[in-house]
Amino acid sequence: RDGGTVSLHWGEPPARGEDRVVLVLPGLNNSSHTSFVQETMRHLRQAGFQAVALNYRGVGGRPITSPRFGCLDTWQDLPEVI
């Protein structure tokens, strides 16, 4: 809505028609490349889920493209992501 940039990091390419998708939300100042996020995604894949992690604005190499950045108010981006 405001020009902010986030990204989704899929553990594997999304499967067409897959309805068991889990969105992983990293903690403060973490990204999809953080080891515990990667381990969580691996565990979810083994359990039969498609795992995707959200990289917040300005985190994980994302450019800051709006006045809002970081993850303190990232919940506001969730409707657009989901």
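Residues numbered from 1 in each chain as written. Predicted model: local features only at pLDDT ≥ 70, side-chain atom pairs only at ≥ 80, totals over all residues. Heavy atoms only, no water.

**Q** An account of the layout of surface pockets is needed here, citing residue identities and associated values.
**A** The calculated volume of the largest pocket comes to roughly 160 Å³. Lining the largest pocket are Arg-1, Asp-2, Gly-3, Gly-4, Val-6, Arg-57, Arg-68, Gln-76, Asp-77 and Glu-80. The class makeup of the residues in the lining of the largest pocket is one nonpolar, three polar and six charged. (1 Å grid on protein atoms, 1.4 Å probe; cavity = no way out; pocket = protein on both sides within 12 Å on 5 of 7 lines; lining within 4 Å. Points joined across faces, edges and corners; volume = space filled by probe spheres on them. Nonpolar A, V, L, I, M, F, W, Y, C, P; charged D, E, K, R; others polar.)

**Q** Would you mind going over the nonpolar core in detail, with residue names and values included?
**A** By size, the foremost hydrophobic cluster in this structure holds six residues: Val-24, Val-37, Met-41, Leu-44, Ala-51 and Ala-53. At the level of elements, helix H1 (35-46) and strand S3 (50-55) are the ones that each hand at least two residues to this core. When residues in this core are grouped by element, the largest group, three residues, is from H1. Discounting chain neighbours no more than four positions away, the residues touching Leu-44 are Val-22, Val-24, Phe-49 and Ala-51. (Core = buried A, V, L, I, M, F, W, Y, C linked by side-chain atoms within 4.5 Å. Buried < 20%, exposed > 50% of the residue type's maximum accessible area, 1.4 Å probe, protein only. Helix = DSSP H or I, 4+ residues; strand = E, 2+ residues; numbered from the N terminus. Contact = heavy atoms within 4.5 Å.)

**Q** Tell me about the packing of aromatic side chains, and please be specific about residues and values.
**A** Inspection of the entire model under this criterion finds zero aromatic pairs. Lying across the ring of Phe-49, Arg-20 places its NZ or CZ 4.1 Å from the centre. (Phe/Tyr/Trp six-rings, centres within 6.5 Å; stacked < 30°, edge-to-face > 60°. Lys NZ or Arg CZ within 6 Å of the ring centre and 35° of its normal.)

**Q** Help me get a handle on the pattern of salt bridges, residues and values and all.
**A** Across all of its chains, the model carries six salt bridges by this definition. With a closest N to O distance of 2.9 Å, Arg-57 and Asp-2 form a salt bridge. With Arg-57 in the loop between S3 and helix H2 (78-81) and Asp-2 in the segment before strand S1 (7-10), this residue pair connects regions lying 55 residues apart in the sequence. You can call Arg-57 buried: its relative accessible area is 4%. With a shortest N-O distance of 2.3 Å, Glu-39 and Arg-42 are connected by a salt bridge. Taken as a pair, Glu-39 and Arg-42 lie in helix H1 at a separation of three residues, close to a single helical turn. On the accessibility criterion, Glu-39 (42% relative accessible area) is partly exposed. Overlapping salt bridges, with partners in common, bring together Asp-2, Arg-57, Arg-68 and Asp-77 in one network. (Salt bridge = Lys/Arg side-chain N within 4 Å of Asp/Glu carboxyl O.)

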